[in-house]
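Geometric and topological summary
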Amino acid sequence: MMDGPPRPPGYNAQRLRERDQPRPPVRRRGRRVNGGQPPPRRDPEGPARRINPLLPGILLALAVLVGTAGYLYDHARREQIAPGVRVGGVDIGGLSVTAARERLRQQLVAPLEHPVMVRAAGHTFTLTPREARLAVATDQLVGEALRTSRRGSIFTRVIDGLDGHRLNVNLSPRVTYSHAAVKHLIGRVARATGRPARNASVSPGGGGLRQVPGHDGVSVNGSLLGRQVESALVRPGGDRVLNAPMRVLHPTITTASLGRRYPAYIIIDRAAFRLRFYSHLHLADTYKIAVGRQGLETPGGLYDIQWKEVNPSWHVPNSSWAGALAGKVIPPGPQDPIKARWMAFNGGAGIHGTSDVGSLGSAASHGCIRMAIPDVIALYSRVPVGTPVFVA
């Protein structure tokens, strides 16, 4: 018999399942309870934190193995030039020291053993390596290339080697030579080919003045040629046959400027007894004169006006022809043969006026040039000190 109302079907099974379900924690007076029991504690050293005791040893062994392999790899390359290293454009990357030295000898040193030749004005001048005392420091270059290859730590070198890294370094070749030999070569070229410029000039003669045109000269550009020769000596791929650079030298005085240099010029034609005066190289006036008598001839040659004087005294020379007047000074007056003006040239000789106009057109003086008084006064004002005087 069952007491109470009848239960629905499956009631007992539902009750059993509810009993077996875990109850949620209930706080009672500040305590966490779960069916009267504290919650279970989790293990902090769970499965995820557990380490195999053999792992440190395995890692250490791997590190030692990798380090040893890296050391042996780097050690095997200690005498090898790194890829991408060049000397003067010659690629020696990847070569041993011995092979690099041989390649530099063939591709760097051998081309430099040819002479340098300079051509100028149909001449050829040669500078041999022996004359230039040419030397290439091959061993030092290879050593520098090796030091460049070994830069950095062992780790960077191993990584770069395995990765095929190229340094891309071009070392300058160390080539020495004699600067004195280069200078001597330039001097030879300059002496054989140089020609100085010639200024325009004046050529005086008994018939007058002739203007001589100037002409250009030529010289070697020594500084530029020196740089070209030095470059050819040290560059294995450079041109070793050079054309000397020349430059034109222009005259500083041309025919156009010649007249300005000669505002006045005097020509004394002893044979024709004429004095010709030129202004800026153009004939301005011609005067009749007297010249030195036989035995006291007016000396020929090119002179210049040294000093001038108005109404000068006569300083009589100590000569036998002066007689009792020798060494005396005759003041201006009737006894003074030097009239009106005096223009001295060639020491004691000079140009002066005379009252003896009958002597003009002859060889009558004691060496001076006599002129009519009006003529000498007119000439005096046009002739500055320094004026050339040519006695033909």
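Residues numbered from 1 in each chain as written. Predicted model: local features only at pLDDT ≥ 70, side-chain atom pairs only at ≥ 80, totals over all residues. Heavy atoms only, no water.

**Focus: a nonpolar patch on the surface**
- A surface patch of nonpolar side chains, amounting to about 720 Å² of accessible area, comprises I51, L54, L55, I58, L59, L62 and L65.
- Position of L65 relative to the elements: it lies in helix α2 (residues 55-76).
- For L65, a relative accessible area of 56% corresponds to the exposed category. (Patch = residues over 30% accessible without salt bridge, like charges linked within 9 Å, V, L, I, M, F, W, Y side chains within 5 Å. Areas by Shrake-Rupley, 256 points an atom, 1.4 Å probe, with all protein chains shown as cover. Salt bridge = Lys/Arg side-chain N within 4 Å of Asp/Glu carboxyl O. Helix = DSSP H or I, 4+ residues; strand = E, 2+ residues; numbered from the N terminus. Buried < 20%, exposed > 50% of the residue type's maximum accessible area, 1.4 Å probe, protein only.)

**Notes on the sheet that holds strand β6 (residues 123-127)**
- With respect to topology, three strands assemble into an open sheet ordered β6-β5-β13, the strand pairing being mixed. The open sheet is flanked by β6 and β13 (241-243), the only strands paired with a single partner. Neighbour-to-neighbour, the strand axes of this sheet turn through a mean angle of 25°, independent of strand direction.
- Both strand β5 (residues 116-120) and β6 contribute to a ladder of five bridges, which runs antiparallel. Bridging across to β6, A120 finds its partner in H123. (Pairing = 2+ DSSP bridges. Axes fitted to C-alpha atoms, helices over the stretch in contact; angles between N-to-C directions.)

**Some words on the side chain of S365**
- Within the secondary structure layout, S365 lies in strand β25 (residues 363-365).
- Residue classification places S365 among the buried residues on the basis of a relative accessible area of 2%.
- Engagement of the side chain of S365 in a polar contact is seen with the backbone oxygen of C368, the distance being 2.6 Å.
- In this view, S365 contacts V291, G292, R293, L296 and R370; residues no more than four positions away in its chain are not counted. (Polar contact = N/O pair within 3.5 Å; in protein donor to acceptor, adjacent residues only side chain to side chain. Contact = heavy atoms within 4.5 Å.)

**Regarding the pattern of salt bridges**
- According to the stated counting rule, one finds six salt bridges in the structure shown.
- Salt-bridge contacts for R101 lead to D139; the nearest nitrogen and oxygen are separated by 2.8 Å. Placement of the pair is R101 in helix α3 (residues 97-112) and D139 in helix α5 (residues 138-149), with a sequence separation of 38 residues.
- According to the relative accessible area criterion, D139 is exposed, its value standing at 51%.
- R105 is the salt-bridge partner of E102, the closest N and O atoms lying 3.1 Å from each other. Of the two residues, E102 and R105 both sit in helix α3, three residues apart, roughly one turn of that helix.

**Observations concerning the layout of surface pockets**
- The computed volume of the largest pocket comes to approximately 450 Å³.
- Lining the largest pocket are 22 residues, with W314, I338, W342, G348 and C368 positioned closest to its centre.
- Listed by contribution, the elements that provide at least two residues to the lining of the largest pocket are β20 (307-310), β21 (314-315) and β24 (350-354).
- Considering only residue class, the lining of the largest pocket consists of ten nonpolar, ten polar and two charged.
- By volume, the second largest pocket amounts to about 260 Å³. (1 Å grid on protein atoms, 1.4 Å probe; cavity = no way out; pocket = protein on both sides within 12 Å on 5 of 7 lines; lining within 4 Å. Points joined across faces, edges and corners; volume = space filled by probe spheres on them. Nonpolar A, V, L, I, M, F, W, Y, C, P; charged D, E, K, R; others polar.)

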